[in-house]
Amino acid sequence: MAIECPRCEKVFVAPDYEGQSPSTVRREQESPVPPRRAEPEPETPSRLPGSLTCPGCAARLERTAAMEPGVSVQCPRCERVFVAPDEQGQAPVSFTDRPGEAPAPRRALPVGEESRPRRRSENFTHHWKADLGEWFAIAGRSWTRIMGPTAGYLFLAGMLLLIVVVALVLGVLAAVGGLGGPPREETLLLLQAIQNFVGMPLFRLLALYLFSGVLGVALRELRGRSWDFGSFFMGFNHLSSLGTWWLIQELLWFVVTAPLMVIAFLLPIMGPGGARPEEMLGLLGFAYLWYAVFGIINGYCYLRWSFALCLILDQKMGATQAMRTSWAMTKDHMLILFATFLIMGIIFMAGYIACCVGLLFAFSYVSLINSAMYLEALYPRQSSTMYED
């Protein structure tokens, strides 16, 4: 007998005394309803005990089996990439910028990854832990792999710069010889001005394009990316950004040295009786005071912009964006930056004292230190006190 439920209005057949009933009768359809197929439950990633805390936005992320210690994880909230720590909260040093990959000693990039989009300046933070000993240790482990090729490239680049210098000197001599007779004093001053304001700045621009490739190779080595001898010329792939960086540095240096250059230019013109000794002492005192004050300001700016070249080569930023980002990343780290660059300068001086041959090997080591410092600031390791204000 068919019975209609007063609540849901479903029609069903009353069972017998033994509890057995035929198929359910529907109001609109007399045939029994075919059984529904059981839908497979969606696979969920296996959860591991504990959670991760994003160092950028403090969001708590459930740890899955894919988040092994040392694997880079991307926060879904702020898109920050950080390294998953182990059970003790310590994360191994990993400079990979791709989420879901464990650090590898050497690995080649897939085709097209070099053209990844730029990261916005606000995604970078100054909350990173300075560890000078760790930076030197990282540089020491990778030094032997790039030392030989870097020395060969620097020798080749030095020969190229030497050819440029010789060409400039021969051009000056040809200009002087073409005047006929001994050159006049005004002509020598003009040639000196051309050398100081045209020749030397262009020489430094070419040196920037050539030597920035060593820093780019050091970054590739610490990231575990493939590189070859042609990678040393990567500075010429950033002509506009590096050119803008060079122009800003030249303008700052001109502001620092302008009084001294003006005095050096005017002294031959004034002659022995052009200025009294007390006037010259006053001019020189003002020039050196200007040089000291603005030299300190320039040095401070250089430290705050110490990551700008790395950001241009690694993140493909423009010069002004890289300078703003570096300024933000180096906040509250001036002392450690000053100490690091002081030690790097001492290493350079040691290479210079060794008949300049040591520079061929010191340059690669210093570039690795700079790269390790930059990458630590770019992907700071997680710590319980590292991000406390």
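Residues numbered from 1 in each chain as written. Predicted model: local features only at pLDDT ≥ 70, side-chain atom pairs only at ≥ 80, totals over all residues. Heavy atoms only, no water.

1. Some words on the nonpolar core
The line we're drawing: To qualify as a nonpolar core, a set must consist of buried Ala, Val, Leu, Ile, Met, Phe, Trp, Tyr and Cys residues joined through side-chain atoms within 4.5 Å. Exposed residues in this analysis have more than 50% of their type's maximum accessible area, buried residues have under 20%, and partly exposed residues fall in between, with area computed by a 1.4 Å probe over protein chains only. Only runs of H or I of at least four residues qualify as helices and only runs of E of at least two qualify as strands under DSSP, and these elements are numbered from the N terminus. Note on contacts: a residue pair qualifies if any of its non-hydrogen atoms lie within 4.5 Å across the two residues.
By size, the foremost hydrophobic cluster in this structure holds 58 residues, and its most contacted members are Tyr153, Trp245, Phe307, Leu311, Ile347, Ile369 and Tyr374. Every element with two or more residues in this core is listed here: helix 1 (132-177), helix 2 (185-223), helix 3 (239-270), helix 4 (277-304), helix 5 (308-315), helix 6 (319-329), helix 7 (334-353) and helix 8 (359-378). With 12 residues, the single largest contributor to this core is helix 8. Ignoring anything within four residues of it in the chain, the contact list for tyrosine 374 reads Leu219, Phe307, Cys310, Leu311, Asp314, Gln315 and Met329. Counting eight residues, the second largest nonpolar core, distinct from the first, contains Ala59, Leu61, Phe82 and Ala84.

2. Description of the packing of aromatic side chains
Defined as follows: Two rings from Phe, Tyr or Trp (for Trp, the six-membered ring) form a pair when their centres are within 6.5 Å of each other. A pair whose planes differ by under 30 degrees is stacked, one over 60 is edge-to-face, and the rest are tilted.
Scanning the model with the defined rule gives 21 aromatic pairs in all. Ring centres of tryptophan 227 and phenylalanine 232 lie 5.9 Å apart, and the angle between their planes is 80°; on these two criteria the pair is classed as edge-to-face. Neither tryptophan 227 nor phenylalanine 232 differs from the other in exposure class; each is buried. Among the aromatic side chains, those forming a connected cluster through ring pairs are Tyr153, Trp227, Phe229, Phe232 and Phe233.

3. Points about the environment of valine 255
One can find valine 255 in helix 3. Sequence-wise, valine 255 and asparagine 298 are 43 residues apart; in three dimensions their C-alpha atoms are separated by 9.4 Å.

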